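So you can see what is in the structure, the chains are spelled out below.
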Amino acid sequence: MIFRHLPAVLLVFLLFAGYSFIGLIVIGQPSSNTHHYTPMPAAKRIDAKKLFKQKCVKCHGVDGAGQTAFGEVIGATDFTDSEWQKRVDDQRLINSMTYGRGQMPSFGKKLSKDQISLLLDYVRAFKS
Ligand code: HEC
């Protein structure tokens, strides 16, 4: 009887565990992030991080790998893939963020150009 529902229960558990894990990373970030490569001044990086958390993490994940429950389903790009980072130029990424690309929504109306270029630097910093 109970085994019939096991797959669903497992799925819910896995989703919950995944989100708790992401929550832990978010909370743990200020201290664990001190040795991260920073291509921009600290104050700007904090702005970018806040923006990214508000608007992008849902799909792209705190670590930029796109392995959130949502990101996996819609195929969010893995920003830590250095081959991908080499292949795409800045203008293309700005266009994708501004006008959208595939399942990725457009942000041209929600974010200023400055914010988008801040996020470009932030996305570039995920390069491993
Ligand atoms: C609803 C989920 C979702 C959200 C929210 C989202 N993205 Fe994406 N993003 C995607 C998907 C899916 C792709 C892959 C698009 C493709 O290449 O088909 C992508 C791709 C990208 C790319 C690579 C585009 C390219 O030209 O290859 C960048 C850069 C990017 N996202 C930045 C962001 C930033 C910055 C935010 C927050 C402001 C954001 N995304 C929010 C889903 C999302």
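Please refer to the structure higher up on the page.
To keep things clear, this report deals only with the structure shown in the data block. Everything quoted here is computed from the prediction, not taken from an experiment.

Cut-off values and rules
- Residues numbered from 1 in each chain as written.
- Predicted model: local features only at pLDDT ≥ 70, side-chain atom pairs only at ≥ 80, totals over all residues.
- Helix = DSSP H or I, 4+ residues; strand = E, 2+ residues; numbered from the N terminus.
- Buried ≥ 20, exposed ≤ 12 C-beta atoms within 10 Å, placed from the backbone.
- Contact = placed C-beta atoms within 7 Å.
- Axes fitted to C-alpha atoms, helices over the stretch in contact; angles between N-to-C directions.
- Parallel < 35°, antiparallel > 145°, perpendicular 65-115°, else oblique.
- Left-handed = near helix turned anticlockwise from the far one by under 90°.
- Nonpolar A, V, L, I, M, F, W, Y, C, P; charged D, E, K, R; others polar.
- Near = placed C-beta within 6 Å.
- Core = buried A, V, L, I, M, F, W, Y, C linked by C-beta atoms within 7 Å.

1. Some points on the overall build of the protein chain
Link 1 in the chain: Summing up its helical and strand segments, the protein chain has seven helices and zero strands in all.
Link 2 in the chain: Helices and strands appear in the protein chain in the N-to-C order α-α-α-α-α-α-α.
Link 3 in the chain: In the protein chain, which comprises 128 residues, the proportion classed as buried is 16%.
Link 4 in the chain: Looking at the protein chain alone, contacts between residues at least 24 apart form 51% of all its contacts between residues at least 6 apart.

2. Examining the packing of helix H6 (residues 90-99) against helix H7 (residues 113-124)
Link 1 in the chain: At a minimum axis separation of 10 Å, H6 and H7 run at an interaxial angle of 120°. It follows from the interaxial angle that H6 and H7 lie oblique. For the pair H6 and H7, the sense of crossing is right-handed. Residues Asp90, Leu93, Ile94, Met97 and Thr98 of H6 form the contact with H7, whose own contacting residues are Ile116, Leu119, Leu120 and Val123.
Link 2 in the chain: The class makeup of the residues in the contact of H6 with H7 is seven nonpolar, one polar and one charged.

3. As for the site of the ligand
Link 1 in the chain: By nearness alone, 22 residues border the ligand, and Cys56, Cys59, Ser96, Gly102 and Met104 come closest of all.
Link 2 in the chain: Looking at the shell around the ligand, the elements that each hand over two or more residues are helix H3 (57-60), H6 and H7.
Link 3 in the chain: Within the shell around the ligand, the residues separate by chemical class into 12 nonpolar, six polar and four charged.

4. Observations concerning the environment of Gln67
Link 1 in the chain: Within the secondary structure layout, Gln67 lies in the loop between H3 and helix H4 (69-74).
Link 2 in the chain: Spatially, the C-alpha atom of Gln67 lies 7.9 Å from that of Asp78, the residues being 11 residues apart in sequence.
Link 3 in the chain: When neighbours within four sequence positions are excluded, Gln67 is seen to be in contact with Gly61 and Glu72.

5. What about the nonpolar core?
Link 1 in the chain: Among the nonpolar cores identified, the biggest contains nine residues, and these are Ala48, Phe79, Leu93, Met97, Leu118, Leu119, Tyr122, Val123 and Phe126.
Link 2 in the chain: Breaking this core down by element, the ones donating at least two residues are H6 and H7.
Link 3 in the chain: In terms of residues, this core owes the most to one element, H7, which gives four residues.
Link 4 in the chain: Apart from residues no more than four positions distant in its own chain, Leu93 is found in contact with Val88, Leu120 and Val123.
Link 5 in the chain: In this structure, Cys56, Cys59, Val62 and Ala76 belong to the second largest nonpolar core, which totals five residues.

6. A word on the packing of helix H2 (residues 42-55) against H7
Link 1 in the chain: Interhelical geometry of H2 versus H7 gives an angle of 95° and a closest axis separation of 9 Å. In terms of orientation, H2 lies roughly perpendicular with respect to H7. Touching Lys44, Asp47, Ala48, Lys49, Leu51 and Phe52 of H2 are Gln115, Leu118, Leu119, Asp121 and Tyr122, all from H7.

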